[in-house]
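Structure at a glance
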Amino acid sequence: VIMNLMDKLTHIFRQGLSNSFYPVPQQAIGVGSAFEGWSPHAQDVVYQVLVPLSPPPGHAFHLDTAGMLQRNFCVRVELLCTCTREQFGEDMLCFLHHPEEELRRRQDPSLLHTLCTGAYLDVVKTVHWFHRFVRVAWLLLPESHHCRLMLKPSSRSCKFRLSKDNESFAVEIIFGVQQGNSDIFVGSQPAEAGIASTTWLETYAVAEAKFFRQISSQVPQDSWHCKCLQLLTRFLTGTGFSSYALKTVVMHLLNTIPPTQWGREDFPQRLMDILKILYCSLEKKQLHHFVLGNERFPMEISLPSGFRVAEPPNLFQHLASSLDAHAKAVEEYVNLLN
């Protein structure tokens, strides 16, 4: 239902914006727990989709590292010469070589003058632009006659709830710019307070979703790998352990233990394996990221050059730098076992 709706919205976007110079939305990709086959919450599941953005004609995107933070980026927008397109009869003026007066009179403004701050694509402006367009595009869809769409305020993602009769879906759209031809994007996903609106965070959500799909195609039909993850994340609700940390532990195990050993009869042993790795990681105060810096990450999933041999981030770095945080995490782990 969600992906079908996204396809229709994307189609309307392309038609409505065909003569403008806004980013071009590509086919949405389902990411996160709801699309990976597990969810930490029985109720209020959020269906997260990533919408890749391509540059409009006459523009190019370049990823610049955002200051000292190596995994954060700015999307620099560059104007390209399109004089040759005009020579071939295409109705587009060159932003670089036509007088500004003529450009203003005959052509929509460039992306630099709409959704950018300086030379960089602005996350907040992009989200607000998409948010406004969804409100209009929704009225053009047949679903609008029998479903209710309620948009929610958000500065770095587009959130809405789709309701029909007694059914209801919560959806979050994040936007991404692809790194080369890889499955790694820089995304608009919500971040800590104070982050600049031109900062896009590296996201591994597409690569992780592809990993789960690959595993699902290899395991037997009665595989309980998602049930293991679902059960433990529910137990961890309200603790200092994030569902992403637990998901990382399970992904490392899925990449190590053969797919045939995740059946119903293996369920107790797999639970113990997950808890053992979690405890070892707590003792070492170290949990390596699953995608970045993992030489064993499946080769079928495309990563940028040097990604597999990079220094893997430590998801438990906060435990290594705080004795109190580590002691609290150990206490919560013991409570989990009890």
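Residues numbered from 1 in each chain as written. Predicted model: local features only at pLDDT ≥ 70, side-chain atom pairs only at ≥ 80, totals over all residues. Heavy atoms only, no water.

**A word on the overall build of the protein**
Assigned secondary structure in the protein consists of 11 helices and 12 strands. Residue burial in the protein is summarised as follows: out of 338 residues, 49% are buried. Long-range contacts, defined here as pairs at least 24 residues apart, represent 61% of the contacts in the protein between residues at least 6 apart. As displayed, the protein offers around 17,300 Å² of accessible surface, 53% of which is attributable to carbon and sulfur atoms. (Helix = DSSP H or I, 4+ residues; strand = E, 2+ residues; numbered from the N terminus. Buried < 20%, exposed > 50% of the residue type's maximum accessible area, 1.4 Å probe, protein only. Contact = heavy atoms within 4.5 Å. Areas by Shrake-Rupley, 256 points an atom, 1.4 Å probe, with all protein chains shown as cover.)

**Digging into the packing of helix α1 (residues 2-16) against helix α5 (residues 123-138)**
For any two helices packed against each other, one specifies the inter-axial angle together with the distance between the axes. Contact geometry for α1 and α5: axes closest at 10 Å, N-to-C directions at 100°. On the basis of the axis angle, α1 is roughly perpendicular to α5. Between α1 and α5, the residues in contact are L5, L9, I12, F13 and G16 and W129, F130, F133, V134, A137 and W138, respectively. Tallied by class, residues from the contact of α1 with α5 come to 10 nonpolar, 1 polar and no charged. (Axes fitted to C-alpha atoms, helices over the stretch in contact; angles between N-to-C directions. Parallel < 35°, antiparallel > 145°, perpendicular 65-115°, else oblique. Nonpolar A, V, L, I, M, F, W, Y, C, P; charged D, E, K, R; others polar.)

**Topic: the packing of aromatic side chains**
What the rule picks out here adds up to 16 aromatic pairs. Ring geometry for Y47 and F169: centres 5.8 Å apart, planes at 70°, overall edge-to-face. You can see Y47 sitting in strand β3 (residues 46-54) and its partner F169 sitting in strand β10 (residues 167-178), a full 122 residues away along the chain. What makes Y47 partly exposed here is its relative accessible area of 24%. Taken together, the ring pairs in this structure connect F13, Y22, W129, F130, F133 and F175 into an aromatic cluster. Sitting over the ring of W224, K227 keeps its end group 5.1 Å from the ring centre. (Phe/Tyr/Trp six-rings, centres within 6.5 Å; stacked < 30°, edge-to-face > 60°. Lys NZ or Arg CZ within 6 Å of the ring centre and 35° of its normal.)

**Describing the environment of L336**
You can see L336 is positioned in helix α11 (residues 323-337). L336 gets classed as buried once you look at its relative accessible area, which sits at 19%. Between the C-alpha atom of L336 and that of H41, which follows or precedes it by 295 residues, the distance is 17 Å. Dropping the residues within four chain positions of it, L336 is found in contact with F235, L236 and L275.

**What to know about the nonpolar core**
Within the largest apolar cluster, 43 residues are counted, with the highest numbers of intra-cluster contacts made by F211, F241, I274, V291 and F316. Structurally, this core is a two-domain feature, drawing no fewer than three residues from each of domain 1 (1-204) and domain 2 (218-337). Beyond its immediate chain neighbours, meaning those up to four positions away, F211 contacts M251, L254, N255, F290, P298 and I301. Within the second largest apolar cluster, 41 residues are counted, among which are V127, F130, W138 and V177. (Core = buried A, V, L, I, M, F, W, Y, C linked by side-chain atoms within 4.5 Å. Domains from an automatic or database assignment.)

**Considerations on the domain arrangement of the protein**
How big an interface is tends to be reported as the loss of accessible area on association of its parts. Per the domain assignment, the segments making up the protein are domain 1 (1-204) and domain 2 (218-337). For domain 1 and domain 2, the distance between their C-alpha centres works out to 31 Å. Every contact between the two is made by 15 residues of domain 1 and, on the other side, 17 residues of domain 2. Summing the contributions of domain 1 and of domain 2, the shared interface buries around 1,300 Å²; its carbon and sulfur component is 64%. The largest share of the area that domain 1 buries against domain 2 comes from W38, P40 and Y204, three residues that together contribute 43% of it. (Buried area = accessible area lost by both parts, 1.4 Å probe.)

**Examining unusual backbone geometry**
Even without a glycine there, the phi angle at D165 is positive, about 55°. Inspection of the secondary structure assignment puts D165 in the loop between β9 (158-164) and β10. In the Ramachandran plot, K285 falls in the positive-phi region, its phi being about 55° despite a non-glycine side chain. Relative to the elements of secondary structure, K285 occurs in the loop between α9 (267-284) and α10 (317-320). Note on K285: relative accessible area 22%, which makes it partly exposed.

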